[in-house]
Each structure stands twice: as C-alpha cells, then as structure tokens.
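# Architecture and fold: a report
So the chains spell out like this:
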Amino acid sequence: MLNIYQSLLKFINDGDSVILGTLVVKKGSAPQIPGSSAIFNAKGLLTGTLGGGILEAEAERLVTAPSAGINLFRTIKYNAKIEDDTGAICGGEASFILDFSPQKHSHVFEQMHQSLSNGLSGYLITFIEKNHNIKRYWLQEKDPISDELIKFRNDIVNCNKQQAVVTYQLENGYLMIELLQAAPRLIIIGGGHIGQALCHYGHMLGFEVTVLDNRPEYVRAEMFKEAKQLLIGDLTDSMQALKLKPDAYVVIVTQGHKTDYAALLACLQADVAYLGMIGSKRKVKLIKEDLLKKKFSTQSELDTIYSPIGLDIGAKTVPEIALSIAAELVQVRRSKKVRNDVAMIILGAGKSSRMKQVKMLLPFNNETIIESVVQTALNSKASHTIVVTGAYEKQISQQIKHLPVKVCYNADFEQGMLSSVQCGVNNADAFEAFMVSPGDQPLVKASTIDRLIDAWRRSDKGLVIPTFNGKKGHPVLIHHRYKEQINHLDSNIGLRQLFHEHTDDILYVEIDSEEVLMDLDKPDDYKKALKWDAKSKK
C-alpha cells in the first residue's frame, strides 16, 4: 500500500495536476496530527485527509477557488460555541499548507520511493518559508547528513528518538521532519478463510502482505488480490527463503496442528516484530511443551509468541477473528518497544594519555576511529546513537558532525569513565535499554552488536556481557531499570560494581572473535588493531 507521498508521485508521473495539502502545526485538540496530508486537484479532494470537517472543507474551497495557484498557509481555530450552527468546539487550532506545485520536488519524492521500496526508512524534511515557498529534502535514515542540513542534525535525531513527526517554528518559517518507514511485512502462513480475511485487513493497515501455503489451491492470485507475494511449497523452505527481518509480522493460521507446529519451528529463531499462532489454549500448551521437551526452543523464546492469537474482542466469525488479529498487529506496531528499544552510548571523552595523541581521530578504514565506531553503531539494530565527548569535544564533534547522532559533552570527564557513562545514560531515558561501548573499539562489528541485542530481547536478563574464551569484553547492554543505580556507583569501581551486585541478572554471550576484547589504549594496541583488521579482510 502506497503512502500519501508515493501516491502523489504516481499522480505527478501520470501527468496529473495536483495540490498537496499538509497539516503543519496543531495546538490543543484537533482532528489530525502534523504530517497528515491530502491530495487535491482543481475539483476537490482525491485521496488522504487533513482531518475532515471545517479544515478540509476550507482546503477544498481554496484549491477550487478561481484565484488558486499560489501556495497558501492557513490556520483554523476550533473555538465555536455550543449554540453556533457552524464551526467546531474542540478548543484547539490547526495550520496547514497547500503546495500548488509539488512536481517541483518530484526528484525528492522519487528518492523517497526508491528508499522505501528497498525496505529503507528515511526523513522527509520540509522547509516552509514565510513567503510560503517550500523546499524539500530526503535523507535516508542513518546516512551522512549534507552540509545544508547539518544545522538541523539534533532535530533529525529528535525525530528518530520520538518516532513521530516533529515541527519547529523558525525565524523565517517552519521546519517539519517526518520519519517515513518502509511498509512492514505481514507474513500469513496459511491461505484459508482467516488468512484471506487477514490479507485484506493487513493491506488496509499499510502492511506489505505475503501469503504462503503448501496447498496450491489455497494460494491462488484471485483469492489474494491485495497480496504483494504468494508462495507455494514446503513451509520450512518458504520461510527460509523469505529471510525475515525485524520489521516482519508473522501469523500462523494453517490447516492443522502439524503444519502450525512446523511453521512455528521454522520461525522461532527469527528476529521479528511479531510471531502469533492460532489455536486453543490446550493446543498451544501441548505444542509449547513438546518444543521444550525436545529442546527445540527455550522458555524465553516461547514467551514471545502471541498465542492464543488476537485481542480478546469476543470474536466468533472468520472476519471477527481476522479483525482481532489485525488489531493485535496494530497494538504491537504502535508499541515503542518494537523498534525503539536500545540506545548505543559511545564513550569518547578521555584524554588518550597513554596513546600520546587523540586516538579517536587516528586513521582507520579510510576514516577516523570515532567515525568507524559510530558508523558501525548506525549499521546495527541499535535505534539511537549517543556520543559522549569531553577532553577533545570540539575536534571529535567536528569529525562526526555529518552523522545522525546525538552528541553530549561530559564536563566532568576528568573524573573518569563512569562520569561519561552517567552522562550518556542520562541522555537515553526514552529507551528500554542502552549499550555502552568504548569509542576505541573499531573492530567490533555491527553483527556482534546485533547478536547482543537479539540475545537480550530473547532473555529475561537485564545485563548482557560479551565474552571471548571466557574473558569479558565490550560493548555491554544494560536495562534502564539500573539507571538510578548507575548514577550512584563508586567512581573508583565503575560499572564493575553494578555487575558484581547483580550477577544473577547477567547473560553472558560468547563471541567467536577477539574483537570484543580489543580496545586501543597504547600505540602498540593501535598497530595490532590495524594488522588484525587487514588480516580479517583477506
């Protein structure tokens, strides 16, 4: 299902003359949120919504007026009295912009469409000047920020943190940043009646739907007109071919418990946003007990399964059952935990005394060490990156100014590493957990970070430590429930005190590489790292 801007691009490419209306600012109660958009032509509304009611009616009046053609910015106030025949009594106000020449930014919408089609998210950045002139830019998520947009880096990072549209009033107009994400995939295993109904609901809700079944007669194109992909064959082979990603939602509704069991077994190790299986409480209990007995799964893995499936709305009929499943998908999708749960804190505040030069700025892989470490974090499953600076704040900040990260200055850096950890932790309050990584570990791979995050998500532990041959390394992952304790640790002991006091809450993850042990304190460490890196690429 296309988002409003992809629909706009289609209108433009088809040669249609259209107007884009976008809600920019909302104060108090109003029908829609900033970023809500609608497409009009000279006759009225084509698709989308600004919120309906008097606001949308005013937009339609403006686009159909004889004088229409110049960008317009309007504010509607919902302050009517109860006895008034017209107006609205919500009590708020909303401002919208009408762009009469969206085709001027067709290249931006094309860039956006290409990114989303490839499963990559990004930011649509819109400047609305006081004269109502509009400028638009597309920035693929985690890509370097252009010189023109660097001054808005913190705003872009804030948009990522909030997972919502952010709007700022500037001296010369407005800045609006929208995080647009690729459509999440809904994998329906089972093409029966519930699968067919769920495909329809999933499409309406913005999912890219794939349906698979081992029975050809249940995966016919005429039965699933809204599906993006249909797969026929062995369920295990089909699931392996899909290569599931964290944005996937998997619903198991096959013809019986044997095929449900096989499908569930094929999905258990996958890192997905949602895994649900239909069935009675007895059936679910028996399947889980058998998986545990045969050691095909752990209890923590089974605890992540939504089963019995769907929200309890008293569903009885096939459409109602499909609706209850769709409602649960929405509930999970709108939960912050699905995507925005781990922040990476990179420590770069030290004085590099033993290195005798600024080690964060030493060359590594055609960039600096700090750039390499930050880029690795951006390429991982960590959803937000914070860099803590100190002794060389200006130099390091300048070196990473083009990267979409939050930079925090630790004024107490001379008090030791714990002060930098505390600085980072206190700037990661919106996340369920945070990873702490020394900035001088450029050999740690994104896949290693991902493995630690996956291990934490599948466990009930609050502390995760990587090991190599039994030796503890970095980065470490810490649940936010330890935030206050971290702020009161002994600076002479640091995080070791936290781990010592909560040994029963630690999950050790063995890594098959020395990378988690290799930090660069001295010149010899740096030389060794360069050789190790070169050797690993051969």
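Below you will find a few notes about this structure. (Residues numbered from 1 in each chain as written. Predicted model: local features only at pLDDT ≥ 70, side-chain atom pairs only at ≥ 80, totals over all residues. Heavy atoms only, no water.)

## With respect to the overall build of the protein
- Summing up its helical and strand segments, the protein has 17 helices and 24 strands in all.
- In summary, the protein has a C-alpha radius of gyration of 26 Å against a globular reference of 24 Å for 538 residues, a match within 12%.
- Summarising its shape, the C-alpha atoms of the protein cover approximately 75 × 65 × 50 Å along the three principal directions.
- Expressed as a percentage of the 538 residues in the protein, the buried residues total 51%.
- A fraction of 63% describes how many contacts in the protein between residues 6 or more apart in sequence connect residues 24 or more apart.
- With the model as given, the accessible surface of the protein reaches about 25700 Å², and the carbon-plus-sulfur share is 50%.
- Taken as two groups, the 63 positive and 62 negative side-chain charges of the protein have centres that lie 3 Å from each other. (Helix = DSSP H or I, 4+ residues; strand = E, 2+ residues; numbered from the N terminus. Rg over C-alpha atoms; globule rule 2.2 N^0.38 Å. Buried < 20%, exposed > 50% of the residue type's maximum accessible area, 1.4 Å probe, protein only. Contact = heavy atoms within 4.5 Å. Areas by Shrake-Rupley, 256 points an atom, 1.4 Å probe, with all protein chains shown as cover. Lys, Arg positive; Asp, Glu negative; His and termini not counted. Charge placed at Lys NZ, Arg CZ, Asp CG, Glu CD.)

## A look at helix 10 (residues 318-333)
- Spanning 16 residues, helix 10 covers 23 Å between terminal C-alpha atoms, matching the ideal 22 Å at 1.5 Å per step.
- Inspection of helix 10 places Ala322, Ser324, Ile325, Ala326, Glu328, Leu329 and Val332 among the buried residues, and these make up the whole buried set.
- On its buried face, helix 10 is in contact with strand 10 (185-189), helix 5 (193-204), strand 13 (248-252) and strand 14 (274-277). (Expected span 1.5 Å × (residues − 1).)

## What to know about the pairing of strand 3 (residues 44-48)
- As defined by bridge partners, strand 2 (residues 37-41) adjoins strand 3 across 4 bridges and the pair is classed as antiparallel. What sits directly across from Phe40, in strand 3, is Leu45.
- The hairpin formed by strand 2 and strand 3 contains 2 residues between the paired strands. (Pairing = 2+ DSSP bridges.)

## Some points on the sheet that holds strand 12 (residues 229-232)
- Strand order in the open sheet made by the 5 strands is 12-11-10-13-14, with parallel pairing throughout. Sheet topology places strand 12 and strand 14 at the edges, where each strand pairs with a single neighbour. Averaged over neighbouring strand pairs, the angle between their axes works out to 15° when direction is ignored.
- Judged from the 4 bridges that link them, strand 13 and strand 14 form a sheet pairing that is parallel. When the bridges of strand 14 are listed, Val251 appears paired with Gly276.
- Set on the sheet, helix 10 makes contact with strand 10, strand 13 and strand 14; between it and strand 13 the angle comes to about 155°. (Axes fitted to C-alpha atoms, helices over the stretch in contact; angles between N-to-C directions.)

## Notes on the pairing of strand 1 (residues 19-27)
- Along strand 1, 7 of the 9 residues are buried, which leaves the element largely enclosed by surrounding structure.
- Of the pairings in the sheet, the one linking strand 1 to strand 2 comprises 4 bridges and is antiparallel in character. Within strand 2, the residue paired with Leu20 across the bridge is Ile39.

## Observations concerning the packing of aromatic side chains
- Under the definition given, this model contains 7 aromatic pairs.
- Both rings, one in Tyr5 and one in Phe109, keep their centres 5.8 Å apart while their planes meet at 10°; by these two values the pair is stacked. Note that Tyr5 is positioned in helix 1 (residues 4-13) and Phe109 in helix 3 (residues 106-117), a separation of 104 residues in sequence. With respect to class, Tyr5 is no different from Phe109; both count as buried.
- Taken together, the ring pairs connect Phe207, Tyr249, Tyr274 and Tyr306 into an aromatic cluster.
- Taking NZ or CZ as reference, Arg215 lies 3.8 Å from the ring centre of Tyr218, over its face.
- Here the guanidinium or amino end of Arg333 rests over the ring plane of Phe207, the centre of that ring lying 5.0 Å away. (Phe/Tyr/Trp six-rings, centres within 6.5 Å; stacked < 30°, edge-to-face > 60°. Lys NZ or Arg CZ within 6 Å of the ring centre and 35° of its normal.)

## Focus on empty space enclosed by the protein
- One pass over the full model with this rule turns up 2 cavities of 30 Å³ or more.
- As a volume, the largest cavity reaches approximately 120 Å³.
- Lining the largest cavity are 14 residues, and of these Tyr123, Asn160, Leu378, Ser383 and Pro404 sit closest to its centre.
- Looking at the lining of the largest cavity, the elements that each hand over two or more residues are helix 4 (153-162), helix 11 (369-378) and strand 18 (384-389).
- For the lining of the largest cavity, the class distribution of residues is 8 nonpolar, 4 polar and 2 charged.
- Considering only enclosed or pocket space, the second largest cavity measures out at about 70 Å³ in volume. (1 Å grid on protein atoms, 1.4 Å probe; cavity = no way out; pocket = protein on both sides within 12 Å on 5 of 7 lines; lining within 4 Å. Points joined across faces, edges and corners; volume = space filled by probe spheres on them. Nonpolar A, V, L, I, M, F, W, Y, C, P; charged D, E, K, R; others polar.)

## Some remarks on the side chain of Thr259
- Structurally, Thr259 is set in helix 7 (residues 257-267).
- On the basis of relative accessibility, which here comes to 14%, the residue Thr259 falls in the buried class.
- In this view, Thr259 contacts Asn214, Leu235 and Thr254; residues no more than four positions away in its chain are not counted.

## Overview of the packing of helix 7 against helix 8 (residues 281-293)
- Where helix 7 meets helix 8, the closest approach of the two axes is 11 Å, and the angle between their N-to-C directions is 50°. When the interaxial angle is binned, helix 7 and helix 8 end up oblique. Note on packing geometry: the crossing formed by helix 7 with helix 8 is right-handed. Between helix 7 and helix 8, the residues in contact are His257, Asp260, Tyr261, Leu264 and Leu265 and Lys283, Ile287, Asp290 and Leu291, respectively. (Parallel < 35°, antiparallel > 145°, perpendicular 65-115°, else oblique. Left-handed = near helix turned anticlockwise from the far one by under 90°.)

## Structural notes on unusual backbone geometry
- Here the amide bond leading from Ser307 into Pro308 is cis, since omega sits at 0°, within 30 degrees of zero.
- Position of Pro308 among the secondary structure elements: in the loop between helix 9 (299-302) and helix 10.
- With omega at 5°, the peptide bond leading from His474 into Pro475 counts as cis.
- With respect to the helices, strands and loops of the structure, Pro475 is situated in the loop between strand 22 (471-472) and strand 23 (476-479).

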